[in-house]
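Working through the structure, step by step
What follows is each chain in one-letter form.
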Amino acid sequence: MANSYDVIVLGLGAMGASASYQLAIRGASVLGLDRFHPPHEQGSTHGDTRITRLACGEGSQYTPFAERSHEIWKSLEEKTGLALLRQNGILIVAGAGKIAPSHGVPKFLEATVASAKAWAIDHEILEAREIARRFPAFDVSDGDRAYHDRLGGYLRPEACIGAQLEEARALGAELRMNEKVLSVRQEAGAVVVTTATGTYRAAQLIVAAGPWLPRFLAPALARQFGVTRQVLYWFRARSPAEHAAFSPERFPVFIWQPSGADGVFYGFPAVGPFEEGVKIATEGHDVADPETVDRTVSPREIEAMFGTFGRFFPGLSPDCVKAKVCLYTEVNAARFVLDRLPGQDRIIVASPCSGHGFKHSGGVGDALAQMAMGEKQVVLGAGRHVVDMTQFAFRPDDPPWKA
Ligand SMILES: Cc1cc2nc3c(=O)[nH]c(=O)nc-3n(C[C@H](O)[C@H](O)[C@H](O)COP(=O)(O)OP(=O)(O)OC[C@H]3O[C@@H](n4cnc5c(N)ncnc54)[C@H](O)[C@@H]3O)c2cc1C
């Protein structure tokens, strides 16, 4: 039947692009739909870089996704010649005094160590003096400690999405951009998706709508997801010579819980020339709606960011060359939801964000493809990990998400 597919993927951002690619690899007939033209700057997946790390302080259940993703990025790099993944090391720094939790985890450094041990990931613990010796751009204090491994690093999210969509299309996926899905419904034997210009049917639907997801859920389930406004800042180094200290060879990606600060911040090496600055960010808590969120960044926000966190890098100037607004879709305990909609066995919902989803997106796409193709188990990666997907189930009885 025309307009009929094995799987429709709603949303072609980080998760939808990878699911489409993995489905196309498996020979499924796939229709991908997006209301914009990914990669774009309206959702959760823009801003040049995303941290990747295999040892996950959020819980060691995430590691198989990150590991599988690394395999996928490397194979895509071989196919396309693009630079997607750079493993220049990760530093998780914790101050000695009172520190803010990271992704809801108070002792994020210790939790990262536990995850590294669980997966036998080579790592070191560095005291302040050693951090300063190896990474002089960081102005650490006495008592600061860091977890360091060489497998972490950063990804180029726009290029990852673009590469997966191109490959999916080359393998036969039909991708329709700038086509907004208006409704989805499951009926006997199929799921029906209606857009502004067409009606499509499929055996399975994957809803990967990022911060627009709550619109596709009944109110009781939608309340378990909270969308928050996040800001990314690029500050210029004080001089071209100081910019060099932020190069990927000398400066790892980092997550830092500074002693006494009202928050956690994270950042990346400079991936461009001096004029493009160095990206750092903290986490915001303002509830947002993707349709109405303020996408401008005020001088007051920039000043507050530099005032609170800029001081940890004496080589950075307060000159903010760029700032962008992005959106988290959060679930309590920074959980992922990768599950069928309760009572609707043809609709799979993918909401792996909670501020840490991109690094897992390649592997999540693989898992979603296996689910949509009716595999009994999700098996990931060279380690052939059988993933217990009940960990990522909807929990309708959980309390609503709390900002
Ligand atoms: C500021 C920030 C920093 C982050 N840092 C990191 C990090 O360092 N490391 C990390 O691992 N993760 C990080 N994350 C999390 C990660 O980026 C997200 O988990 C991931 O991008 C989520 O992808 P997604 O596919 O769910 O959403 P998106 O990429 O936003 O995709 C959703 C897609 O659905 C489409 N869509 C929505 N509604 C419709 C509709 N009605 N019809 C058709 N299409 C529709 C949208 O247009 C969009 O393209 C960060 C997130 C943010 C915001």
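Residues numbered from 1 in each chain as written. Predicted model: local features only at pLDDT ≥ 70, side-chain atom pairs only at ≥ 80, totals over all residues. Heavy atoms only, no water.

Things to note about the packing of helix H1 (residues 14-25) against helix H9 (residues 361-372)
Selection criterion: Lines are fitted to the C-alpha atoms to define the axes, a helix being fitted only along its stretch in contact, and any angle between axes, read from their N-to-C directions, falls within 0 to 180 degrees. What counts as a helix is a DSSP run of H or I of at least four residues, what counts as a strand is a run of E of at least two, and both are numbered from the N terminus. Any angle between 65 and 115 degrees counts as roughly perpendicular, while under 35 counts as roughly parallel, over 145 as roughly antiparallel, and the rest as oblique. Each crossing is labelled by how the near helix is turned from the far one, with a counterclockwise turn of less than a right angle marking it left-handed and a clockwise turn marking it right-handed. Throughout, a residue-residue contact means that at least one pair of heavy atoms, one from each residue, lies within 4.5 Å. The classification used treats Ala, Val, Leu, Ile, Met, Phe, Trp, Tyr, Cys and Pro as nonpolar, Asp, Glu, Lys and Arg as charged, and all other residues, Gly among them, as polar.
Where H1 meets H9, the axes come as close as 7 Å, and the angle between the chain directions of the two elements is 55°. Accordingly, the angle class assigned to the pair H1 and H9 is oblique. The two elements H1 and H9 meet at a crossing, and its hand is right-handed. Between H1 and H9, the contacting residues are Ala14, Met15, Ser18, Ala19, Gln22 and Leu23 on the first element and Ser361, Gly362, Val364, Gly365, Asp366, Leu368, Ala369 and Ala372 on the second. Split by residue class, the contact of H1 with H9 holds eight nonpolar, five polar and one charged.

Things to note about the pairing of strand S16 (residues 278-282)
Just so we agree on the cut-off: Classification of residues uses two cut-offs on accessible area relative to the type maximum, computed with a 1.4 Å probe and protein chains only: under 20% is buried, over 50% is exposed, and between them is partly exposed. Two strands form a pair only when DSSP identifies at least two bridges running between them.
Among the five residues that make up S16, four are buried, leaving the element largely enclosed by the rest of the structure. Here strand S13 (residues 226-237) runs beside S16; their pairing, made up of four bridges, is antiparallel. Of the residues in S16, the one forming a bridge with Trp234 is Lys279.

Some words on the environment of Leu171
Tracing the backbone through its elements, the reader meets Leu171 in the loop between helix H5 (157-170) and strand S9 (174-176). Residue Leu171 is classed as partly exposed on the basis of its relative accessible area of 46%. Note: C-alpha distance between Leu171 and Ile25 (146 residues apart in sequence) is 6.8 Å. Excluding residues that lie within four positions of it along the chain, Leu171 makes contacts with Tyr21, Ala24 and Ile25.

Structural notes on helix H3 (residues 108-118)
How we decide: In this description, one arc is meant: the one made by directions from the helix axis to the C-beta atoms.
Of the residues making up H3, those classed as buried are Phe108, Leu109, Thr112, Val113, Ser115 and Ala116. Take H3 and look down its axis: the buried residues cluster within an arc of 160°, on one side only. Exposed and oriented more than 90 degrees from the buried face of H3 are Lys117 and Ala118. Just past H3, the residue Ala120 takes up positive phi, approximately 50°.

Concerning the domain arrangement of the protein chain
Put simply, the rule reads: All the domain ranges listed were derived from an automatic or database domain assignment. In the sections that follow, a salt bridge refers to a side-chain nitrogen of Lys or Arg positioned within 4 Å of a carboxyl oxygen of Asp or Glu. Identification of polar contacts relies on pairs of N or O atoms within 3.5 Å, with a donor-acceptor requirement for protein atoms, meaning one able to donate a hydrogen and the other able to accept it, and with residues adjacent in sequence counted only if both atoms are side-chain atoms.
The domain boundaries assigned to the protein chain delineate domain 1 (4-47 + 157-225 + 333-392) and domain 2 (88-150 + 226-330). The distance between the C-alpha centroids of domain 1 and domain 2 comes to 30 Å. On the side of domain 2, 18 residues touch domain 1, which itself brings 22 residues to the contact. At the junction of domain 1 and domain 2, the tally comes to three salt bridges. Linking domain 1 to domain 2 there are 11 residue pairs in polar contact (both at pLDDT 80 or more). Here the side of domain 1 that touches domain 2 is built from residues that sort into six nonpolar, 13 polar and three charged.

Comments concerning the sheet that holds strand S8 (residues 153-155)
Taken in spatial order, the three strands line up as S3-S8-S4 in an open sheet, and their pairing is antiparallel. One side of each edge strand has no neighbouring strand; the edge strands of this open sheet are strand S3 (50-52) and strand S4 (85-86). Of the pairings in the sheet, the one linking S3 to S8 comprises three bridges and is antiparallel in character. Paired with Ile51 across the bridge in S8 is Tyr154.

Details of the packing of helix H2 (residues 63-80) against H5
Each pair of packed helices can be described by the angle between their axes along with the distance between the axes. Following both chains from N to C, one finds H2 and H5 inclined at 70°, their axes separated by 11 Å at the closest point. By the angle between their directions, the pair H2 and H5 is classed as roughly perpendicular. Of the two elements, H2 crosses H5, and the hand of that crossing is left-handed. Of the residues in H5, those touching H2 at Trp73, Leu76, Lys79 and Thr80 are Cys160, Ala163, Gln164 and Glu167.

Re the packing of aromatic side chains
Any aromatic ring pair is given by two values, namely how distant the centres are and how the planes are angled relative to each other. Going by this rule: Here is the rule: rings of Phe, Tyr and Trp (six-membered ring for Trp) pair when centre to centre is within 6.5 Å. Planes less than 30 degrees apart are stacked, more than 60 are edge-to-face, and the remainder are tilted. Criterion for a charge above a ring: Lys NZ or Arg CZ within 6 Å of the ring centre, and within 35 degrees of the ring normal.
Tallying each qualifying case throughout the model produces 28 aromatic pairs. Ring geometry for Tyr233 versus Phe235: centroids 6.1 Å apart, planes at 10°, classification stacked. Taking relative accessible area as the criterion, Tyr233 reaches 5% and is therefore assigned buried. Here the aromatic cluster, defined as three or more aromatic residues joined through ring pairs, consists of Phe135, Phe138, Phe246, Phe251, Phe254, Trp256, Phe265, Phe309, Phe312 and Phe313. Note that Lys279 overlies the ring of Phe268, its terminal NZ or CZ placed 4.4 Å from the centroid.

Things to note about the sheet that holds strand S7 (residues 145-149)
Within a sheet, each strand pairs with its neighbour through backbone hydrogen bonds, oriented either parallel or antiparallel. Read across the sheet, eight strands follow the order S6-S7-S5-S14-S15-S16-S13-S17 without closing on themselves; strand pairing throughout is mixed. Each of the sheet's edge strands pairs with one partner strand only, and the pair in question is strand S6 (124-127) and strand S17 (316-330). Averaged over neighbouring strand pairs, the angle between their axes works out to 20° when direction is ignored. Relative to the sheet, H3 contacts strand S5 (90-94), S6, S7 and strand S14 (253-257), its axis offset from that of S7 by approximately 30°. Running over the sheet, helix H8 (residues 299-309) touches S13, strand S15 (265-267), S16 and S17 and is turned about 70° from S13.

Concerning the nonpolar core
Note the threshold: Throughout, nonpolar core names a set of buried Ala, Val, Leu, Ile, Met, Phe, Trp, Tyr and Cys residues whose side chains join them through atoms within 4.5 Å.
Ranked by size, the top nonpolar core spans 47 residues in total, and within it Leu23, Phe65, Ile206 and Leu368 carry the most contacts. When residues of this core are traced back to their parent elements, those giving at least two are strand S1 (4-10), H1, H2, H5, strand S19 (344-351), H9 and strand S20 (378-380). For this core, the element with the most residues is H1, which contributes seven residues. Apart from residues no more than four positions distant in its own chain, Leu23 is found in contact with Val7, Val9, Ala28, Val30, Ile206, Ala369, Ala372 and Met373.

Observations concerning the site of the ligand
Rules: Any residue with a heavy atom positioned within 4 Å of a molecule or strand is treated as near that molecule or strand. For every accessible area listed, the method is Shrake-Rupley and the probe measures 1.4 Å; residues are considered covered only by the protein chains on display.
Around the ligand sit 38 residues, and of these Asp34, His40, Thr45, Cys326 and Lys359 come closest. Between the ligand and His356 there is a distance of 3.3 Å, counted from an oxygen atom to a backbone nitrogen or oxygen. For the ligand, an oxygen atom lies 3.3 Å from a polar atom in the backbone of Gly357. Coverage of the ligand by the protein amounts to 98% of the 1,000 Å² it exposes when considered alone. Looking at the shell around the ligand, the elements with two or more residues in it are H1, S3, S13 and S17. Looking at the shell around the ligand element by element, the count peaks at three residues for S17. When the residues that make up the shell around the ligand are grouped by side-chain class, the tally is 21 nonpolar, 11 polar and six charged. Mapping the shell around the ligand onto the domain boundaries places at least three of its residues in each of domain 1 (4-47 + 157-225 + 333-392) and domain 2 (88-150 + 226-330).

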